[in-house]
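If you want the building blocks of each chain, they are given just below.
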Amino acid sequence: MALVRWKNSGDLMPWSAFSDLQGELNRLMEDFTYDWNALGRNWRPPMDLVETQDAYVLEADVPGVSSDDLHIETLDNTITIRGKREYQFTAIDEYSRLRYADIYEDITPRNAVRFLRDALDFFQRHEIRVLQVQTDHGMEFTNAMFPHVTAEHPFERELRKEGIARKLTPIGKPHLQGKVERSHRIDDDEFHSWRIFRTSEARRRSFKAYINHYNHQRPHGSLNWKSPIQHLRSWQQGQSVNYD
């Protein structure tokens, strides 16, 4: 099982080891309440500002952020938009591509452990025994980026208690978690990029329905146009299966 945090970084590129390490270090410095100017990127959403007779009308494209999570300030003819962005955790079975995913307000180790427990329950219900978990070097998963920290990380402690082997994706080799990254691009195309929700809870409910559709109904070319659950059941029933 591979487990990572989704990050909308655009198209995947052949990152060098240095740039990948720099990205991990930058992410560690990210504030849990997402700011559009975080990490020095000075990102500005596409927006239009129209002046009417009695008001200014601002339209901004901020996918993945609900209107309730936006804070708009005006000062000295300057408009500042700040928003809290949510994070998706994803766990995928390497064979069947069956996925468990959920959305959280931050990326703390506490939420990583919470997600792990829920994911293990999910896979157990589908008769999948998790033998190994692979993640990146995010601080929600490991202290590996901080060699001076000797305390056991809560996520790794939970894995040890469950008797599950631990594997870290080598820095500079994102292709080793390609199935998860591919599933995230599908999420971008089919859910995150075109659905807008007024509340975080509405997004989370809709996302759960979307993941259920992904697992049970959506055909996958790599699974001979079966859904993950169909592919899994074929194997569990001893039928012949083909996949890429």
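Residues numbered from 1 in each chain as written. Predicted model: local features only at pLDDT ≥ 70, side-chain atom pairs only at ≥ 80, totals over all residues. Heavy atoms only, no water.

### Re the overall build of the chain
Inference 1: Scanning the chain from N- to C-terminus turns up six helices and nine strands.
Inference 2: Scored against the burial criterion, the 244 residues of the chain give a buried share of 41%.
Inference 3: As presented, the chain carries roughly 14300 Å² of accessible surface, and 50% of it is formed by carbon and sulfur atoms. (Helix = DSSP H or I, 4+ residues; strand = E, 2+ residues; numbered from the N terminus. Buried < 20%, exposed > 50% of the residue type's maximum accessible area, 1.4 Å probe, protein only. Areas by Shrake-Rupley, 256 points an atom, 1.4 Å probe, with all protein chains shown as cover.)

### Some points on the confidence of the model for the chain
Inference 1: Looking at the chain as a whole, its pLDDT mean stands at 78, while 70% of the residues score no less than 70.
Inference 2: Between residues 8-19, whose pLDDT stays under 50, and residues either more than four places distant or in other chains, the model counts nine contacts.
Inference 3: Scored below 50 in pLDDT, residues 240-244 makes 15 contacts in the model with residues more than four places away or belonging to other chains. (pLDDT = per-residue confidence, 0-100. Contact = heavy atoms within 4.5 Å.)

### Structural notes on the packing of aromatic side chains
Inference 1: Counted by the stated rule, this structure contains 13 aromatic pairs.
Inference 2: A centroid spacing of 6.0 Å and a plane angle of 85 degrees characterise the contact between F89 and F141, whose relative ring orientation is edge-to-face. Of this pair, F89 sits in strand β6 (residues 87-92) while F141 sits in the loop between β8 (132-135) and α3 (154-162); the two residues are 52 residues apart in sequence, bridging distant segments of the chain.
Inference 3: Taking the relative accessible area as the measure of exposure, F89 reaches 0% and is therefore buried. (Phe/Tyr/Trp six-rings, centres within 6.5 Å; stacked < 30°, edge-to-face > 60°.)

### Thoughts on the side chain of H153
Inference 1: By secondary structure assignment, the location of H153 is in the loop between β8 and α3.
Inference 2: Judged by its relative accessible area of 2%, H153 is buried.
Inference 3: Here the side chain of H153 touches M139 through a polar contact of 2.8 Å, landing on its backbone oxygen.
Inference 4: Polar side-chain contacts of H153 include one of 3.0 Å to the backbone nitrogen of F155. (Polar contact = N/O pair within 3.5 Å; in protein donor to acceptor, adjacent residues only side chain to side chain.)

### Some details on the nonpolar core
Inference 1: Within the largest apolar cluster, 24 residues are counted, with the highest numbers of intra-cluster contacts made by F89, L98, F115, F123 and F155.
Inference 2: The element best represented in this core is helix α2 (residues 109-125), accounting for eight residues.
Inference 3: A101, A202, Y210 and I211 belong to the second largest nonpolar core, which has ten residues in total. (Core = buried A, V, L, I, M, F, W, Y, C linked by side-chain atoms within 4.5 Å.)

### Re the pairing of strand β9 (residues 165-168)
Inference 1: Summarising the sheet, β8 and β9 pair through four bridges and their orientation is parallel. Counted as the bridge partner of V133 is R166 from β9.
Inference 2: The parallel pair β8 and β9, bridged by α3, forms a crossover whose chirality is right-handed. (Pairing = 2+ DSSP bridges. Right-handed = clockwise from strand over helix to strand, strands pointing away.)

### As for the pairing of strand β2 (residues 47-51)
Inference 1: Pairing of β2 with strand β3 (residues 56-60), which is carried by five bridges, proceeds in the antiparallel orientation. Looking at β3, one finds that V50 is bridged to V57.

### Topic: helix α5 (residues 200-216)
Inference 1: The end-to-end C-alpha separation of α5 is 24 Å, in line with the 24 Å expected for 17 residues at 1.5 Å each.
Inference 2: Among the residues of α5, S200, A202, R203, S206, F207, Y210, I211, Y214 and N215 are the ones counted as buried.
Inference 3: Residues of α5 that are buried in the fold lie against β6, β7 (99-104), α2, α4 (178-192) and α6 (228-236). (Expected span 1.5 Å × (residues − 1).)

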